Amino acid sequence: MDRRETEFRSFYKDKRVLITGHTGFKGTWLTKVLLGLGAQVTGYALKPSTQPNLFALSGVKNSGNFHHITGDIRDLPGLKETFQKYRPEIVFHLAAQPIVRDSYKDPVFTYSTNVMGTVHVLECVRTVDGVRSVVNVTTDKVYKNMEWEYGYRENEPLDGFDPYSNSKSCSELVTHSYKASFFDANEVRISTARAGNVIGGGDFANDRIIPDAVRAVEMAYRLNREKAQIPVRNPHSTRPYQHVLEPLHMYLLIAMKQYQEAKYAGYYNVGPDDCDCVTTGRLADLFCQKWNAGGETALSWPAAEWINQAEPGAPHEANFLKLDCSKIKNLFVWHPVWHMDRCMEETVRFTKVWLSGGDLEAEMEREIRAFFLDIDG
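Model, not experiment: these values are computed from the prediction.

### A few points about the overall build of the protein
Consideration 1: Helix and strand content of the protein: 13 helices and twelve strands.
Consideration 2: Its C-alpha radius of gyration of 20 Å places the protein within 12% of the 21 Å reference for a compact globule of 377 residues.
Consideration 3: By principal-axis analysis of the C-alpha atoms, the protein measures approximately 60 × 45 × 40 Å.
Consideration 4: In the protein, which comprises 377 residues, the share counted as buried stands at 58%.
Consideration 5: Look at the contacts in the protein between residues 6 or more apart in sequence, and 81% of them connect residues 24 or more apart.
Consideration 6: Accessible surface computed for the protein: about 15400 Å², of which carbon and sulfur atoms make up 49%.
Consideration 7: Separation between the mean location of the 44 positive side-chain charges and that of the 48 negative ones in the protein comes to 3 Å.

### A word on the state of the cysteines
Consideration 1: Taken as a whole and judged by the stated rule, the model has zero disulfides.
Consideration 2: Cys170 takes part in no disulfide bond, and the closest cysteine sulfur, belonging to Cys124, lies 20 Å away.
Consideration 3: Not part of a disulfide, Cys275 finds its nearest cysteine sulfur in Cys277, a span of 8.1 Å.
Consideration 4: Exposure remark for Cys275: the relative accessible area of 52% places this residue in the exposed category.

### A look at the side chain of Thr31
Consideration 1: Residue position: Thr31 is located in helix α2 (residues 25-36).
Consideration 2: Beyond its immediate sequence surroundings of up to four residues, Thr31 is in contact with Ile19, His22, Val41, Val60 and Phe66.

### Description of the pattern of salt bridges
Consideration 1: Considering all chains together, one arrives at 31 salt bridges under this definition.
Consideration 2: The residue Glu5 makes a salt bridge to Arg9 at a minimum N-O spacing of 2.9 Å. Within this pair, Glu5 and its partner Arg9 are both found in helix α1 (residues 3-12), separated by four residues, close to a single helical turn.
Consideration 3: Under the relative-accessibility criterion, Glu5 is labelled buried at 7%.
Consideration 4: For Arg9, a relative accessible area of 27% gives the class partly exposed.
Consideration 5: Taking the shortest distance from any N to any O, the salt bridge between Lys141 and Asp140 comes out at 3.3 Å. We note that Lys141, like Asp140, is buried.
Consideration 6: One network of salt bridges, with partners in common, ties together Arg342, Glu346, Arg349, Glu363, Arg366, Glu367 and Asp374.

### Brief notes about unusual backbone geometry
Consideration 1: Of note, the bond from Gln51 into Pro52 is cis; its omega dihedral lies within 30 degrees of zero at 5°.
Consideration 2: The residue Asp14 is not glycine, and still its phi comes out positive at about 70°.
Consideration 3: Within the fold, Asp14 resides in the loop between α1 and β1 (16-20).
Consideration 4: A relative accessible area of 42% places Asp14 in the partly exposed class.
Consideration 5: The phi torsion at Val333 lies on the positive side, around 50°, for a residue other than glycine.

### Quick look at α2
Consideration 1: Here α2 is twelve residues long and its end C-alpha atoms lie 17 Å apart, about the 16 Å a rise of 1.5 Å per residue gives.
Consideration 2: For α2, the complete set of buried residues consists of Phe25, Lys26, Gly27, Thr28, Trp29, Leu30, Thr31, Lys32, Val33, Leu34 and Leu35.
Consideration 3: Two residues or fewer past α2, Gly38 is found with a positive phi of approximately 95°.

### A closer look at the sheet that holds strand β5 (residues 133-137)
Consideration 1: Taken in spatial order, the seven strands of this open sheet run β3-β2-β1-β4-β5-β6-β10, and their pairing is parallel. The outermost strands of the open sheet, each flanked by one partner alone, are β3 (66-70) and β10 (267-270). Taking the axes of each pair of neighbouring strands and ignoring which way they run, one obtains an average angle of 15° across the sheet.
Consideration 2: In the packing of helix α4 (residues 76-86) onto the sheet, the strands contacted are β1, β2 (40-45), β3 and β4 (90-93), and the crossing angle to β2 comes to about 175°.

### Comments concerning the pairing of β1
Consideration 1: Summarising burial for β1: four of the five residues are buried, a large majority.
Consideration 2: Bridge count between β1 and β2: five bridges; the pairing is parallel. Looking at the pairing, Ile19 lines up with Gly43 of β2.
Consideration 3: With respect to chirality, the unit in which β1 leads through α2 into the neighbouring parallel β2 is right-handed.
Consideration 4: As judged from the four bridges shared by β1 and β4, these two strands associate in the parallel manner. What sits directly across from Leu18, in β4, is Val91.

### Concerning the packing of α4 against helix α6 (residues 107-127)
Consideration 1: Taken N-terminus to C-terminus, the directions of α4 and α6 make an angle of 45°; their axes are 10 Å apart at the nearest point. Taken together, the axes of α4 and α6 are oblique relative to one another. Taken as a pair, α4 and α6 cross one another with a handedness that is right-handed. Side by side, α4 and α6 meet where Leu76, Leu79, Lys80 and Phe83 of the first sit next to His120, Val121, Cys124, Val125 and Thr127 of the second.
Consideration 2: Among the residues making up the contact of α4 with α6, the classes are represented as six nonpolar, two polar and one charged.

Definitions and cut-offs
Residues numbered from 1 in each chain as written. Predicted model: local features only at pLDDT ≥ 70, side-chain atom pairs only at ≥ 80, totals over all residues. Heavy atoms only, no water. Helix = DSSP H or I, 4+ residues; strand = E, 2+ residues; numbered from the N terminus. Rg over C-alpha atoms; globule rule 2.2 N^0.38 Å. Buried < 20%, exposed > 50% of the residue type's maximum accessible area, 1.4 Å probe, protein only. Contact = heavy atoms within 4.5 Å. Areas by Shrake-Rupley, 256 points an atom, 1.4 Å probe, with all protein chains shown as cover. Lys, Arg positive; Asp, Glu negative; His and termini not counted. Charge placed at Lys NZ, Arg CZ, Asp CG, Glu CD. Disulfide = S-S within 2.5 Å. Salt bridge = Lys/Arg side-chain N within 4 Å of Asp/Glu carboxyl O. Expected span 1.5 Å × (residues − 1). Pairing = 2+ DSSP bridges. Axes fitted to C-alpha atoms, helices over the stretch in contact; angles between N-to-C directions. Right-handed = clockwise from strand over helix to strand, strands pointing away. Parallel < 35°, antiparallel > 145°, perpendicular 65-115°, else oblique. Left-handed = near helix turned anticlockwise from the far one by under 90°. Nonpolar A, V, L, I, M, F, W, Y, C, P; charged D, E, K, R; others polar.

What is shown is where atoms sit, not what they do.
Here is the structure:
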C-alpha cells in the first residue's frame, strides 16, 4: 500500500461522506474509491441518464456502507431530509447537467440544476449541523474564454459563454457568496475545483469524444464488422484532457486537507500538464492506436479509425482551452500521475473488458490500485 492510499484510508475510514451526482461517470468512480477507503457513503442523485451506465455496471449499489438515494438537487426539502438523516461530515457536490450541447437544448433545466442545485446544497450545509468540508466540482469552462494560448488562472474573470459553462460560473459565484456570508467565521471549509475534460472507462455520455469512440467500436463489434468509424466534430479544438482518477484524487486531497486545516480552503484549477492539452483529433488518434494494438482477450476486435464529421451551424463551443494549475501544484506538492498515453491504455482496456463480458468491478479496483501505486512512483 502506497503512502497516499494509506493516508486516505486513515482519514476517510468511517467518515460520513455525501456525494451529489453519484450515479454519473465521475460520481460512480468517486463512490467506488471512497467505499474502498472505508468511508460511509451516501449518494443523492437522479437515476443514471444513459443506458448502459457505469453506476449499474460497477456494482457499487450493492456495497456495504453505502446509502443510495434517488433524488433531485432542485428539491430542497428532499435534499435537506437526506442531510438530516445521514449527517455527512464531508460533501462532494458533483450533481449537474454536464453537457454543453444539451445546455443549448434546455437552458432552464441546466441553470436550475447547476445554479439552484448549488444553492440547495450549500443551504443544507448552512442549516444542518455536522458538515466540516465541502468540495464543489465545477469545470475548466467557467472562465471567460479569450482563446488565449496560456492556461487560465484562478484569478481570471468568470464568464462561461454557453448555458452550461455560464451556469457553472454562476455556481462558483454562489459558492463564493455563501462562503463569505455564512461560513468564513465557523468551522465549515469550502473549496471549488475546476477540472479539465475527464476521460476513462465507463463514460457513456452523449456528445463526448471517447464515448463516441466507444459507441462506434461497440456497434462494429456487435455487428461483426471489420472496421469502426469514429465521428469527430471538432478535430482541431484543444482541451485539457485527464484520466478520471486524476481530479478525483485531488478532490479527496482538498477535502481532507481543508478538513484538517482551514488554510487549504480555496478555488483550484485541477487539470493536466501542458503535454496533455491536446486536440480532439490527437485524442482520437491515440484511441485508435491503443485500440488497434490488441488487448488482453483473444477476441477479434474491429479496426478503429476516425473521420472528420464537422457540423455546419453547430452551437458554439470553445476552440482553445487550457488551465494553469500552478496554485494547486505548489500548495499540495502535486503533479499529474497518468499522462495521456497511459490514460488511453486504461480506457481501452476497460472498454474491452466491458465488451467481452469481463468483471468490471475487479477492473475498476485494479485501475484504482494501479493509480495509487503510481502516485509516489
